[in-house]
Amino acid sequence: MKIIRTKDYAEMSQLACEHVMDAVKNKADINLGLATGSTPEGMYECLIENNKQGKVSFKKVTTFNLDEYIGLEPEHPNSYHYFMEENFFKHIDIQAENTHLPNGIADDFEKECLRYEKLIESKGGIDLQILGLGTNGHIAFNEPGSKFDSPTSIVDLAQATLDANARFFDSIEDVPTQAVTMGIGSIMKAREIILLVSGESKAEALAKTINGEVTEDVPSSVLQNHSNVTIIADEAALKLVE
Ligand code: F6R
């Protein structure tokens, strides 16, 4: 694992943005794995700015998002479809048909999980996966106890995740309790992974990710088994790591 320590959120976002830009410049038709949430917002802003200035193009890029809430229409302001559209896709020159997220309103979720997993495979797999980190060590919506070889699956969200994500909803009762998520097995197939982490609330989870036992109780600890992981984290998040 390569660890890059930044002074704050802004620097973390800037470095992540530069890393993605370099990757897109090296491979114009790259397959990017993307995350939602507060952590990558600054990186998306930076990528949008650079795209507007003509310094990077997403015309040939294909994206796959990690997850989507079950029960939310793509137009719902709390859906991850909506998040990606508002925070990234609508501002850049990416082709809509090249952006993919799991369908949170599928008729048959078993079929949907298989479809998504196969879609990623059929496009050649993910070259560069961006991840955020849950306070409980989750990656995507793979909560503690998830199998390390899990494919795209339907999952129940942990109480810690419902609590953390309630900030985006009117009340905690409105937070969907299930999601479709790329599995840990799916994520580990990515050729390169960048984990972005910011803030003291993530310090314990990040310390366990880097130095803890590799265990399904801490999903992110699986990243110790991947050969090409870069962690870009700010000082607050790395507080418990020497
Ligand atoms: C989002 C995702 C989640 C988040 C994690 C951190 O697509 O898969 O694992 O990355 O919950 O969320 P934030 O960045 O909001 O702290």
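Computed from a predicted model, the values in this text were never measured in an experiment.

The rules behind the values
- Each chain has its residues counted from 1, running along the sequence as written.
- pLDDT decides what is reported in this predicted model: residues at 70 or higher carry local features, side-chain atom pairs at 80 or more are listed and counted, and totals for whole chains, interfaces and linings draw on all residues regardless.
- Side-chain numbers here rest on the full set of heavy atoms in the structure, without hydrogens or water.
- Salt bridge criterion: a side-chain nitrogen from Lys or Arg within 4 Å of a carboxyl oxygen from Asp or Glu.
- Put simply, DSSP H or I for four residues or longer makes a helix, DSSP E for two residues or longer makes a strand, and each gets a number counted from the N terminus.
- Relative accessibility under 20% of the residue-type maximum defines a buried residue, over 50% an exposed one, and the middle range a partly exposed one, all with a 1.4 Å probe and only protein chains included.
- By disulfide we mean two sulfur atoms from cysteines, separated by a distance within 2.5 Å.
- Only the stretch in contact is used when a helix axis is fitted, and all axes are lines through C-alpha atoms; the angle between N-to-C directions ranges over 0 to 180 degrees.
- Angular relationships are summarised with four words: roughly parallel below 35 degrees, roughly antiparallel beyond 145, roughly perpendicular across 65 to 115, and oblique for the angles in between.
- With the far helix as reference, a near helix turned anticlockwise by less than a right angle produces a left-handed crossing, and one turned clockwise produces a right-handed crossing.
- In this description, contact between two residues means that some pair of their heavy atoms is separated by no more than 4.5 Å.
- Residues are grouped as follows: nonpolar covers Ala, Val, Leu, Ile, Met, Phe, Trp, Tyr, Cys and Pro; charged covers Asp, Glu, Lys and Arg; every other residue, Gly included, is treated as polar.

Asker: What am I meant to see in the pattern of salt bridges here?
Answerer: A side chain with one charge can pair with a side chain of the opposite charge if their charged atoms come near. On inspection of all chains with the given rule, the structure shows 9 salt bridges. The residue Glu112 makes a salt bridge to Arg115 at a minimum N-O spacing of 2.8 Å. Here Glu112 and its partner Arg115 are both found in helix α4 (residues 109-122), 3 residues apart, which amounts to about one turn of the helix. Take Glu112: its relative accessible area is 5%, and that puts it in the buried class. Here Arg191 ties to Asp127 by a salt bridge, and the two come within 3.0 Å at their closest N and O atoms. Taken together, the residues span a long stretch of sequence, with Arg191 in the loop between α6 (184-188) and β9 (192-197) and Asp127 in the loop between α4 and β6 (128-131) at a distance of 64 residues. Residue classification places Arg191 among the partly exposed residues on the basis of a relative accessible area of 43%. A cluster of three or more residues bridged by salt bridges with shared partners is formed by Lys27, Asp127 and Arg191.

Asker: For this particular structure, what's the right way to read the state of the cysteines?
Answerer: What we call a disulfide is simply a covalent bond connecting the sulfur atoms of a pair of cysteines. This structure, assessed with the given rule, holds 1 disulfide. The disulfide that involves Cys17 links it to Cys46, with 2.2 Å between the sulfurs. Between Cys17 and Cys46, the S-S dihedral sits near -75°, and the bridge is therefore left-handed. Of this pair, Cys17 sits in helix α1 (residues 9-26) while Cys46 sits in helix α2 (residues 41-52), and the two are 29 residues apart along the sequence. With relative accessibility at 0%, the residue Cys17 sits in the buried group. Residue classification places Cys46 among the buried residues on the basis of a relative accessible area of 13%.

Asker: Looking at this model, I keep getting lost on the packing of α1 against α2. Mind explaining?
Answerer: How two helices pack is summed up by the angle between their axes together with the distance between the axes. Remark: α1 packs on α2, axes separated minimally by 8 Å, with the N-to-C direction vectors making an angle of 50°. The orientation of α1 with respect to α2, classified from their angle, is oblique. Considering how the two elements wind past one another, α1 and α2 form a crossing that is right-handed. Contacts between α1 and α2 pair Tyr9, Ser13, Gln14, Ala16, Cys17, Val20 and Met21 from the former with Glu41, Gly42, Met43, Cys46, Leu47 and Asn50 from the latter. When its residues are assigned to classes, the contact of α1 with α2 shows 8 nonpolar, 4 polar and 1 charged.

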